[in-house]
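Understanding the architecture of this molecule
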Amino acid sequence: MRKKILVTGALGQIGTELVMKLHDVYGTDHVIATDIRNSENEVVQSGPFEILDVTDGKRMMELAKKYQVNTIVHLAALLSAKAESNPLLAWNLNMGGLVNALETARELNCQLFTPSSIGAFGPTTPKNKTPQITIQRPTTMYGVNKVSGELLCDYYYEKFGVDTRGVRFPGLISYAAEPGGGTTDYAVDIYYSAIERGSYTSYIQKGTYMDMMYMPDALNAIVALMEADPAKLKHRNAFNITAMSFEPEEIAAEIRKHIPTFTISYNVDPVRQAIADSWPNSLDATAAQEEWGFKAEYDLEKMTVDMLGKLRAKLLAG
Ligand code: SER
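About the thresholds
All residue numbers refer to position in the chain's written sequence, counted from 1. Thresholds applied to this predicted model are a pLDDT of at least 70 for local features of residues and 80 or more for the giving and counting of side-chain atom pairs; totals over whole chains, interfaces and linings are not thresholded and use all residues. Hydrogens and water are ignored here; the side-chain numbers use all heavy atoms of the structure. Strand pairing is assigned whenever DSSP detects at least two bridges linking the two strands. The numbering of helices and of strands both runs from the N terminus, where a helix is a DSSP run of H or I of at least 4 residues and a strand a run of E of at least 2. Here, two residues are considered to be in contact whenever any of their heavy atoms come within 4.5 Å of each other. Lines fitted to C-alpha atoms define the axes, with helix axes restricted to the stretch in contact, and inter-axis angles between N-to-C directions lie between 0 and 180 degrees. By convention, a stacked pair of Phe, Tyr or Trp rings (six-membered ring in the case of Trp) has centres within 6.5 Å and planes under 30 degrees apart, an edge-to-face pair has planes over 60 apart, and any other such pair is tilted. UniProt positions are given in the numbering used here, feature names are shortened, and annotations may be inferred rather than shown by experiment. Each residue is tested against the molecule or strand, and it is near if at least one of its non-hydrogen atoms lies within 4 Å. Within 3.5 Å is the distance limit for a polar contact, defined as a pair of N or O atoms, with the added protein rule that one can donate a hydrogen and the other accept it, and that residues adjacent in sequence qualify only through two side-chain atoms. Here the open area of atoms and residues is found with the Shrake-Rupley method and a 1.4 Å probe, where only the protein chains shown may cover a residue. Each residue gets one of three labels, nonpolar for Ala, Val, Leu, Ile, Met, Phe, Trp, Tyr, Cys and Pro, charged for Asp, Glu, Lys and Arg, and polar for the others, Gly among them.

What follows concerns the sheet that holds strand β9 (residues 167–169). Here we have three strands laid out as an open sheet, ordered β6-β9-β13, and parallel in their pairing. One side of each edge strand has no neighbouring strand; the edge strands of this open sheet are β6 (116–117) and β13 (239–240). Summarising the sheet, β9 and β13 pair through two bridges and their orientation is parallel. Each residue of the ladder has a partner; that of R168, found in β13, is N240.

Ordered by their spatial adjacency, six strands build an open sheet running β3-β2-β1-β4-β5-β8, and the pairing between neighbours is parallel. Single-partner strands in this sheet number two, and they are β3 (49–51) and β8 (164–165). Note that strand β2 (residues 31–35) and β3 share three bridges and pair parallel. Bridge pairing links T34 to E50 in β3. Contacts from helix α3 (residues 57–66) reach β1 (5–8), β2 and β3 within the one sheet, and its direction differs from that of β3 by about 160°.

A word on the packing of aromatic side chains. Going through the model one piece at a time under the given rule, you end up with seven aromatic pairs. Where Y155 meets F160, the ring centres are 6.2 Å apart and the plane angle is 85°; that geometry is what we call edge-to-face. Between Y214 and Y298 the ring centres are 4.8 Å apart and the planes differ by 70°, which places this aromatic pair in the edge-to-face class. Of this pair, Y214 sits in strand β12 (residues 210–214) while Y298 is found in the loop between α11 (286–292) and α12 (300–317), placing the two residues 84 residues apart along the sequence.

To continue, consider the UniProt feature "domain: NAD-dependent epimerase/dehydratase" (unreviewed entry) in the protein chain. UniProt marks residues 5–241 with the feature "domain: NAD-dependent epimerase/dehydratase" (unreviewed entry), using the numbering shown here. For residues 5–241, helix accounts for 43% and strand for 18%, while the C-alpha atoms at its two ends are 23 Å apart.

What surrounds the ligand is the set L79, S80, S117, Y142, G182, T183, T184 and W279. Side-chain polar atom of S80 to an oxygen atom of the ligand: 2.6 Å apart, as the coordinates give it. The side chain of Y142 places a nitrogen or oxygen atom 2.9 Å from an oxygen atom of the ligand. When the ligand sits alone it has 240 Å² of accessible area, and the protein chains cover 92% of it. When grouped by side-chain class, the residues that make up the shell around the ligand number three nonpolar, five polar and no charged.

Okay, here's the thing in structure tokens:
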């Protein structure tokens, strides 16, 4: 059956680009973009758009019924650093929104995709080649939300047969919409700053490795997993995926290949550094590769060429 998809958090970093991709794959009128706010944005102007606060389960259900959707892509969430500054809000938004999406999916028999994160791991998790199934004792509210979400999604699959699927995203790097309130955001900020100022002051300490991925690979992964043959899925919530792992000096060196005078300095933020230190250095994505053919096209070198080119064009036009 052709998918008809309700997307929450459609104006966020992932949603902004995912909605446009879903338009191409499934048709504009088969993608209902929703967000808590409205804005002068391609997403709002190019297809169906509705205001939705994901903590309002009644409205979510009404919209899902109104548009007769059979798939929900639930993206609305508070990221790690923001969640640490307001843990209760994070719990209510991240868990409340997910429960509403799961209940809507259960009642209307929808497939549900929702992302987990490298944040679902903690300091006692093996740091290198982090296995698909391993210790998950995160020390952040965001991580607590992500692990709870993974378990809840598995529960809805086992108990109610809801077709729940998810990936553990690494830090996502993109030029269309800026991330907000994450720990891995430095790897986006550094490109803006390189073009605008020729230098960057990093809040993450040199030597801190984290998994990262360029947005086109993240979007391909979402569609590939949503389309995957369920008979082949041994895991569901959520698959480790990754494209690269680097630390600040390495991304700076890559930028310097294109902007030779670029410099990096450090003013470490203890809150975000502690979050980064609690996360893995690099994930093992074997299960995703074997069960639904996950593959990333962009490494640090290829991403940097594309990112600098696209961002330059955007900043010049803006
Ligand atoms: N990019 C996210 C964050 O830093 C991790 O999922 O919060």
